[in-house]
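In case you want the letters, here they are:
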Amino acid sequence: MASLSTTSLSFKAPSIQSTTTRIYQVLRKASSFQSISFGRFQSSKRLRLQISCAAKPETVQKVSDIVKEQLALSADTALTAESKFSALGADSLDTVEIVMALEEKFDISVEETDAQNITTIQEAADLIEDLVQKKPAACSIVELEKVMFYQRCISSLV
C-alpha cells in the first residue's frame, strides 16, 4: 500500500471546486497534511487524504453485479465503487455471503481479517485484484503433459 506524508501540498488549476472533487476521488489511502493550497485558496486545516491504485472498472462491475445478486437488488439499482454494503441493507451475514460469492467467482481465498475490512464495492475490487496478482499461475493438464513428455525425451537421451 502506498502512503504519503508531508506538511504541505499545493495544486494549481483553473477550477478550485473541480480540482478538489477530482483529488478526493483519486486520493484514497490515509495521509495527513498540515496545509493544502489550490492556487489562491489556502487552508491550514488538518486534512485527511487517501491514496490508492483503483481496481479495473471491469472488476468493480463484476463486484457490483455479485452484490446486486447477493442482496437481491433490482437490476436498475445504481451502484458505484463507493457504495457501502451497509447502506445497501447488508448485515454481517450478507457480507459473508458476498465475500464467499467473490471467492468463488474470482477463484481466490479471502482471509477473515481482510473480509472484515471490506465495506465498499471499491474495497472489495481492490482486494480481489491484489489477491489475483499474488495468486500463482495455474498450469493446465495439457501443459503438465507437455512437461512430462519433454522430461521423458530428455531422460531417453541421457
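Residues numbered from 1 in each chain as written. Predicted model: local features only at pLDDT ≥ 70, side-chain atom pairs only at ≥ 80, totals over all residues. Heavy atoms only, no water.

A. Layout of the overall build of the protein chain. For the protein chain, the helix and strand inventory stands at 6 helices and 5 strands. Each helix (α) and strand (β) of the protein chain, taken in turn from the N terminus, gives the series β-α-β-β-β-β-α-α-α-α-α. Here the protein chain holds 158 residues, and 32% of them are scored as buried. Here the protein chain displays about 11200 Å² of accessible surface, and carbon together with sulfur accounts for 55% of that area. (Helix = DSSP H or I, 4+ residues; strand = E, 2+ residues; numbered from the N terminus. Buried < 20%, exposed > 50% of the residue type's maximum accessible area, 1.4 Å probe, protein only. Areas by Shrake-Rupley, 256 points an atom, 1.4 Å probe, with all protein chains shown as cover.)

B. Representation of helix 2 (residues 57-70) in the model. Its 14 residues give helix 2 an end-to-end C-alpha distance of 20 Å, which sits within 8% of 20 Å, the value for a rise of 1.5 Å per residue. Those residues of helix 2 that fall on the buried side of the exposure criterion are Thr59, Val60, Val63, Ser64, Ile66, Val67 and Lys68. Looking at the packing, one finds that the buried side of helix 2 touches helix 3 (92-106) and helix 5 (121-134). Ala72 occupies a position one or two residues after helix 2 and carries a positive phi of about 55 degrees. (Expected span 1.5 Å × (residues − 1). Contact = heavy atoms within 4.5 Å.)

C. Main features of the confidence of the model for the protein chain. Confidence along the protein chain averages 75 in pLDDT terms, with 63% of residues attaining 70 or more. Ranking the elements of the protein chain by mean pLDDT puts strand 2 (residues 30-33) last with 44 and helix 2 first with 95. Considering only residues more than four positions removed or in separate chains, one finds that residues 1-9, a stretch of pLDDT under 50, has 19 contacts. In this model residues 11-21 is a low-confidence stretch, pLDDT under 50, and it forms 12 contacts with partners more than four residues away in sequence or in other chains. (pLDDT = per-residue confidence, 0-100.)

D. Summary view of unusual backbone geometry. Residues other than glycine seldom take positive phi values, yet Ala72 does so here, at roughly 55 degrees. Along the polypeptide, Ala72 turns up in the loop between helix 2 and helix 3. Notably, Asp107 is not glycine yet its phi reads approximately 55 degrees, a positive angle. Secondary-structure assignment places Asp107 in the loop between helix 3 and helix 4 (112-116).

E. Just the environment of Ser109, in detail. Tracing the backbone shows Ser109 in the loop between helix 3 and helix 4. Taking C-alpha positions, Ser109 is 9.5 Å from Val132, a pair spaced 23 residues apart along the chain. Aside from chain neighbours lying at most four places away, what touches Ser109 is Glu103 and Leu131.

F. Just the nonpolar core, in detail. Counting residues in each nonpolar core, the largest one holds 25 residues, and the members touching the most others are Val63, Val67, Phe85, Leu102, Phe106, Val110 and Ile121. If you list the elements that add at least two residues to this core, you get helix 2, helix 3 and helix 5. The greatest single-element share of this core, amounting to 6 residues, is contributed by helix 5. In contact with Val67, other than residues within four places in its own chain, are Leu79, Phe85, Leu88, Ile98 and Ile121. (Core = buried A, V, L, I, M, F, W, Y, C linked by side-chain atoms within 4.5 Å.)

G. Highlighting the side chain of Thr95. Tracing the sequence through the fold places Thr95 in helix 3. Accessibility expressed as a relative area gives 16% for Thr95, which makes it buried. Those residues in contact with Thr95 that sit more than four places away from it in its chain are Phe85, Ala90 and Ile118.

H. Seen up close, the pattern of salt bridges. In the structure shown here, the tally under the stated rule is 1 salt bridge. Its salt-bridge partner being Lys134, residue Asp130 comes within 3.3 Å of it at the nearest N-O pair. Residue Asp130 and its partner Lys134 are both found in helix 5; the two are separated by 4 residues, about one turn of the helix. The partly exposed category is assigned to Asp130, whose relative accessible area is 31%. (Salt bridge = Lys/Arg side-chain N within 4 Å of Asp/Glu carboxyl O.)

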